[in-house]
Amino acid sequence: MVSGVQIHSKLAEQAQAVILTEDALAFLAALHRTFESTRQSLLIAREEAQRRWDSGAPFDFPPETAHIRAEASWQCAPPAPGLEDRRVEITGPTDRKMVINALNSGAKTFMADFEDSSSPTFSNMVSGQLNLRDAIRREIDFDTGGKSYKLIEKPCVLIVRPRGWHLDEARVTVDNAPVSGSLFDFGLYFYHNAKELVKRGFGPYFYLPKMEHYLEARLWNDVFNFSQSYIGLAHGIIRATVLIETLPAVFNMEEILFELRTHSSGLNCGRWDYIFSFIKKRRADRSAVLPDRKDVTMTVPFMDSYVRLLIQTCHRRKVAAMGGMAAQIPIKNDPAANDAVMEKVRLDKLREVLAGHDGTWIAHPLINKIALAVFNEHMLGPNQYHVRREDVKVAAVDLLNPRVPGTITDEGVRSNISTSLAYTSAWIGGNGCIPLNYLMEDAATAEITRVQLWQWVKYNSRLESGQYITAEYVEKLIDELAPDVKKIYPGVKEDNLKIAVDYLKGQIKKEWPSEFLTSDLMPYLAIADGAEPKWQKSAL
């Protein structure tokens, strides 16, 4: 074992033997010892910024980087091999069957996700690394239940999303401190696969989540340069697309691209997490209370401004402006209902391509045909970098506009509670991506539901009927709806449901909502994996 490195779980031994090798762990230790102090300082900076916003400081574009935004001459790196045309990207967790089906889906790329659509049990994280390693080497084929799963000759291009800067990987420690979940996921994938990917004509490509400031992008760029030098690859082989899914990040888009310009492949509209962040970051602002989740669509003012500014920013710097997720999944045995849902998907993708997006996300292989047809009809080249959107004029006030048509309904409260309980229970049980009401939901939806319930209670909001939304009212509904969770998501364990119920009841009564439920509930996974509680940070 590498000096100072400890592994605190014995699960997934076969995957550990292949992935957690001495040399790979030495690389992780080097990353940790080089960058952990910077990561911690940036997380502290997030807390300090939140206190300023709570005290009334405005959200705005950074004044110290005005020269970067004003300088028209700089551009990002050209598209890397396989990333020239990204018109449809499929996303999902890294289990073996999902990886094969996604790579065979016919989409242009597959974003293999260690973040919001994965529950980060140690088995999921390490086995996921093994599955991606095997897929790259065309060694992933397997048989189960009388069915064979095999990669096609030309699968789609692989992109990996590591966990965000805020998450620890407590099952592995270096010098008695948990390693960063970001560096664990990135480091193992990069170390084992970068040279193999280059040999096959591609490269190590990433999606980077949950950033809030351009200095966090600078840290990623430093990690990329260090890593490429460590294994002897030329700088610029890595490409990274940043998800703009936090309110602070939308004011830092030009700067994020600038920091990553030698490694950037664009920005993405992480729409559900963005709504979650809009509520959470404006937690002290009574005027930012939003109506039912279903009413917060991509066409409401603050979301439309965010999309238009992202497209303009990306195309000014000659990188991809990726659209958001179509979470819908086909409805079997009801053709009329399925047709109505698929038409919603088509209209959403049409809005994206006409706005100037260069591609879009889907969650199910059967949606690929619809999304591809829309982009094929309206995007005749590999991308739309030429659509500069010079007509767009977006100011800070547009990005902060809380006016959203709609109301808060009893059904909206109930939907949030049921979704929160079902997803949280599944996540604790090791499943981070579940079908609910014909939508493939991940952690982002659970986060929106949680903070909306908190916000409505905090500001004594009213239902459309006039009834006040109190903690007592929500707790009563939680108790009423909890027994039915097993109907909408069969297989939920009673113990996990109880944890989810207690957690949600605690959240709605807090002064401020927790930053992330995944951080709060991680101890349940880590302890089940054999890690000691002392390595855990938690708001529980």
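### Notes on the environment of Met342
Note on placement: Met342 falls in helix H12 (residues 335-355). Along the sequence, Met342 and Thr313 sit 29 residues apart, while their C-alpha atoms lie 30 Å from each other. The residues contacting Met342, other than those within four sequence positions of it, are Ile329, Pro330, Ile367 and Ile370.

### Side note on unusual backbone geometry
In the Ramachandran plot, Arg138 falls in the positive-phi region, its phi being about 60 degrees despite a non-glycine side chain. Along the chain, Arg138 turns up in the loop between helix H5 (122-136) and strand E4 (142-144). A positive phi angle, near 65 degrees, is found at Tyr438, a position not held by glycine. Structurally, the position occupied by Tyr438 is in the loop between strand E14 (434-436) and strand E15 (439-441).

### Some points on the pairing of strand E9 (residues 205-208)
Consecutive side chains of a regular strand alternate in pointing toward one face of the sheet and then the other. Alternating positions in E9 separate into two faces, Tyr205 and Tyr207 on one and Phe206 and Leu208 on the other, with burial throughout. Pairing of E9 with strand E10 (residues 239-244) involves four bridges; the strand directions are parallel. From the neighbouring strand, Leu208 faces E10, where its bridge partner is Val242. In this view, the connection linking E9 to its parallel neighbour E10 by way of helix H7 (residues 214-231) has right-handed handedness.

### Let's talk about the pairing of strand E3 (residues 109-113)
Of all five residues in E3, five are buried; the element is thus mostly enclosed. Of the two faces of E3, the one carrying Thr109, Met111 and Asp113 and the one carrying Phe110 and Ala112 are both buried. Strand direction decides the pairing type here: strand E2 (residues 88-92) and E3, joined by four bridges, are parallel. Following the sheet pairing, Gly92 is matched in E3 by Ala112. With helix H4 (residues 96-103) bridging E2 and the parallel E3, this β-α-β connection has right-handed handedness. Note that E3 and strand E6 (residues 157-161) share five bridges and pair parallel. Within E6, the residue paired with Phe110 across the bridge is Leu158.

### Topic: the sheet that holds strand E7 (residues 168-174)
Reading across from one edge, E1-E7-E8 is the order of the three strands in this open sheet, with antiparallel pairing throughout. Looking at which strands have only one partner, the edges of the open sheet turn out to be strand E1 (5-7) and strand E8 (177-180). Averaged over neighbouring strand pairs, the angle between their axes works out to 55 degrees when direction is ignored. Against the sheet, helix H2 (residues 22-54) makes contact with E1, E7 and E8, and its axis sits at roughly 95 degrees relative to E8, the strand it touches most.

### Concerning the pattern of salt bridges
Evaluated as defined, the whole model comprises 49 salt bridges. Between Arg39 and Asp168 there is a salt bridge; the shortest N-O distance is 2.8 Å. Placement of the pair is Arg39 in helix H2 and Asp168 in strand E7, with a sequence separation of 129 residues. We note that Arg39, like Asp168, is buried. The partner of Asp85 in a salt bridge is Arg87, with the nearest N and O atoms 3.0 Å apart. With respect to burial, Asp85 and Arg87 carry one shared label: buried.

### Considering the packing of aromatic side chains
Summed over the entire model, instances satisfying the criterion amount to 26 aromatic pairs. Ring centres of Trp53 and Phe59 lie 4.4 Å apart, and the angle between their planes is 20 degrees; on these two criteria the pair is classed as stacked. The residues Trp53 and Phe59 share a single accessibility class, namely buried. On the basis of an interplanar angle of 75 degrees and a centroid distance of 5.8 Å, the ring pair of Phe186 and Trp220 is categorised as edge-to-face. Here the residue Phe186 occupies a position in helix H6 (residues 181-199), and Trp220 occupies one in helix H7, the gap between them amounting to 34 residues. Owing to a relative accessible area of 1%, Trp220 belongs among the buried residues under this scheme. A connected cluster of aromatic rings, assembled from ring pairs, spans Phe27, Phe35, Trp165, Phe186, Tyr189, Phe190, Tyr191, Phe206, Trp220, Phe224, Phe226 and Tyr230. The side chain of Arg271 reaches across the aromatic face of Trp272, ending 5.6 Å from its centre. The side chain of Lys280 reaches across the aromatic face of Phe516, ending 3.9 Å from its centre.

Cut-offs and rules
Residues numbered from 1 in each chain as written. Predicted model: local features only at pLDDT ≥ 70, side-chain atom pairs only at ≥ 80, totals over all residues. Heavy atoms only, no water. Helix = DSSP H or I, 4+ residues; strand = E, 2+ residues; numbered from the N terminus. Contact = heavy atoms within 4.5 Å. Buried < 20%, exposed > 50% of the residue type's maximum accessible area, 1.4 Å probe, protein only. Pairing = 2+ DSSP bridges. Right-handed = clockwise from strand over helix to strand, strands pointing away. Axes fitted to C-alpha atoms, helices over the stretch in contact; angles between N-to-C directions. Salt bridge = Lys/Arg side-chain N within 4 Å of Asp/Glu carboxyl O. Phe/Tyr/Trp six-rings, centres within 6.5 Å; stacked < 30°, edge-to-face > 60°. Lys NZ or Arg CZ within 6 Å of the ring centre and 35° of its normal.

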